[in-house]
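As a plain string of letters, each chain reads:
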Amino acid sequence: MKVTLRDYQQEALNAFLAAGKGTLKIHPGGGKTIIGCAAIEALTLRKAGPPRVGLPAGLTGSGPFLTLVIVPTLELQDQWEGVLDAQGITNYAIETYAMAALRWKRGEENWFAAFDFIIFDEAHHLAEGVQWSRLLIPAFKAPYALGLTSTPPNDPENPLLRVLPILYERSFADGLDEGYAAPVQVRPIAVQLTELERKKYVEFSELINVAISRAGSLDRAFTAQCGVDEETGKPLYGGQVMTKRKMLVTLAEQKFIKLSDIVEGINAASDIPRRIFVWSEYIAALEQAQRVLTERGITSEFVHGEMPKKRRREVFQSWGTQFQVLLIAKIGEEGLDYPEVAHGIILAGAKTSRQNVQRIGRLLRPMPGKTAKLWAIFCERTMEERLIPLIDKVTEDG
């Protein structure tokens, strides 16, 4: 390795090498990629031998020990490639979860079998539905398999943890204590629904209660009829109304006014324009945010998973020079490494602690004197109030 591992990174590596298969739970910014590189190097030395013949397509070298790295996004694919190359590792291939799952679905078992070692970055994706969990089969069959994540599932009986059990844990608190994570200040910002928005919110909530009452439980309420659409005359079902209510709160007028106020406040506190993350789960919210910010003279761009890779790379490269605010959907929850960025704003709050860990993790990369600040804009007296305890739990227990 061209870098020296931190003590906890060496401990995590040792735990994996002793087991051969498992998951390392390490907070964002804890250097999971470097641990993965060290694992490749250590296992390659164990398996020294003659070069292979007939390598799988996509490998960049011809060493005797072959590694497959599976990542959720194209940005992480680029980052892994850069780190692997910088460490002098050449006998690898990198695939996205989507591509790897497609290969498995096509029956390309022999392609996976050619690899000695499989690394799953952001391994919690293996616990998120059948499409990704199928990749636990090649993980089980591989001689070595490593999961890297800061947010594994809590249930030890989850298939991911049965195949790749947690071998080592390191929390936010550990990183803060040793200076490997920046402290973060969470600032909940409550806004009010307008009178019309509140009226619609109450109407939707009443219909949802009808669906729950008729279905007997929240889980069944999604398919329970609860009314009739006033415009079309067609039946309304619980799931439809829940979506309408969520979008109403997501696009609440006061959220975007408050967003602009916060950005202007950040700018007023510094002579140098700060780069700022703004997250939402919905492109419609990002588009509305961009319109309101533009009206206030604030430059912004947004990225999402449907944007071509070349365009996304251009946006990231121009952030901080051609525009200030990066409006970003779920693609921005994982892997983006900008330690100098210390300001983040959540619009429509994520429903799970995992998503909140990932968002906060974008701000935790340490720099001298850095204190990260996270604003969470939520609508008071709505279901979004649940967001704040989730974020508090992340920052206190993470």
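Structure first, text after, so check above.
If you're wondering where the values come from, they're calculated on a predicted model, not measured in any experiment.

(A) Structural context of the environment of I34. Structurally, the position occupied by I34 is in helix 2 (residues 32-46). The sequence separation of I34 and L13 amounts to 21 residues, and the corresponding C-alpha distance is 9.9 Å. With residues up to four places along the chain from it excluded, the contact list for I34 reads M1, V3, L5, V83 and Q87.

(B) Examining the sheet that holds strand 1 (residues 21-26) more closely. Taken together, six strands build an open sheet; the order of strands is 3-2-4-5-1-6 and the sheet is parallel. Of all strands in the sheet, those with a lone pairing partner are strand 3 (92-96) and strand 6 (166-170), marking the two edges. On average, each strand axis in the sheet is inclined to that of its neighbour by 15 degrees, with strand direction left out of account. Sheet analysis places strand 1 next to strand 6, joined by four bridges and oriented parallel. Across the sheet, the residue bridging to I26 is R170, located in strand 6. Most of the contacts of helix 4 (residues 97-105) go to strand 3, to which it runs at about 95 degrees, and overall it touches strand 2 (67-71), strand 3 and strand 4 (117-121).

(C) Highlighting the nonpolar core. Counting residues in each nonpolar core, the largest one holds 39 residues, and the members touching the most others are L259, V263, V278, V325, L327 and I345. Among the elements of the structure, helix 10 (195-215), helix 12 (238-250), helix 13 (253-268), strand 10 (276-279), helix 14 (283-295), strand 12 (325-328) and strand 14 (372-379) are those that each provide at least two residues to this core. If near-sequence neighbours (up to four positions away) are discounted, V278 is found in contact with L259, L286, V325, L326, L327, I328, I345 and L347.

(D) Local environment of the sheet that holds strand 12. The six strands lie next to each other as 7-14-13-10-12-11, forming an open sheet whose pairing is parallel. What marks the edges here is a single partner per strand, and that holds for strand 7 (184-191) and strand 11 (300-303). Averaged over neighbouring strand pairs, the angle between their axes works out to 20 degrees when direction is ignored. One ladder, built from four bridges, connects strand 11 with strand 12; its direction is parallel. Within the sheet, the bridge partner assigned to V303 lies in strand 12 and is I328. On the sheet, helix 13 packs against strand 7, strand 10, strand 12, strand 13 (343-346) and strand 14 and is oriented at approximately 160 degrees with respect to strand 14.

(E) Summary view of helix 3 (residues 74-86). When the terminal C-alpha atoms of helix 3 are compared, their 18 Å separation across 13 residues agrees well with the 18 Å that a helix rising 1.5 Å per residue should span. Of the surrounding secondary structure, the elements contacted by the buried residues of helix 3 are helix 2, strand 2, strand 3, strand 4, strand 5 (144-149) and helix 15 (309-318). N-cap assignment for helix 3: the residue whose side-chain oxygen lies 3.1 Å from the backbone N of L76 is T73. Note on helix 3: the residue one or two positions beyond its end, G88, has a positive phi of about 75 degrees.

(F) Local environment of the pattern of salt bridges. Per the stated rule, a full pass over the model turns up 14 salt bridges. The partner of R103 in a salt bridge is E108, with the nearest N and O atoms 2.7 Å apart. R103 gets classed as buried once you look at its relative accessible area, which sits at 14%. The exposure class of E108 is partly exposed, given its relative accessible area of 22%. A salt bridge links R296 to E264, with the shortest nitrogen-to-oxygen separation between them at 3.0 Å. Residue R296 is located in the loop between helix 14 and strand 11, and its partner E264 is located in helix 13; the two are separated by 32 residues in the primary sequence. Overall, E264 belongs to the partly exposed group, its relative accessible area being 33%. One salt-bridge network, in which partners are shared between bridges, spans E95, R103, R106 and E108.

Cut-off values and rules
- Residues numbered from 1 in each chain as written.
- Predicted model: local features only at pLDDT ≥ 70, side-chain atom pairs only at ≥ 80, totals over all residues.
- Heavy atoms only, no water.
- Helix = DSSP H or I, 4+ residues; strand = E, 2+ residues; numbered from the N terminus.
- Contact = heavy atoms within 4.5 Å.
- Pairing = 2+ DSSP bridges.
- Axes fitted to C-alpha atoms, helices over the stretch in contact; angles between N-to-C directions.
- Core = buried A, V, L, I, M, F, W, Y, C linked by side-chain atoms within 4.5 Å.
- Buried < 20%, exposed > 50% of the residue type's maximum accessible area, 1.4 Å probe, protein only.
- Expected span 1.5 Å × (residues − 1).
- Polar contact = N/O pair within 3.5 Å; in protein donor to acceptor, adjacent residues only side chain to side chain.
- Salt bridge = Lys/Arg side-chain N within 4 Å of Asp/Glu carboxyl O.

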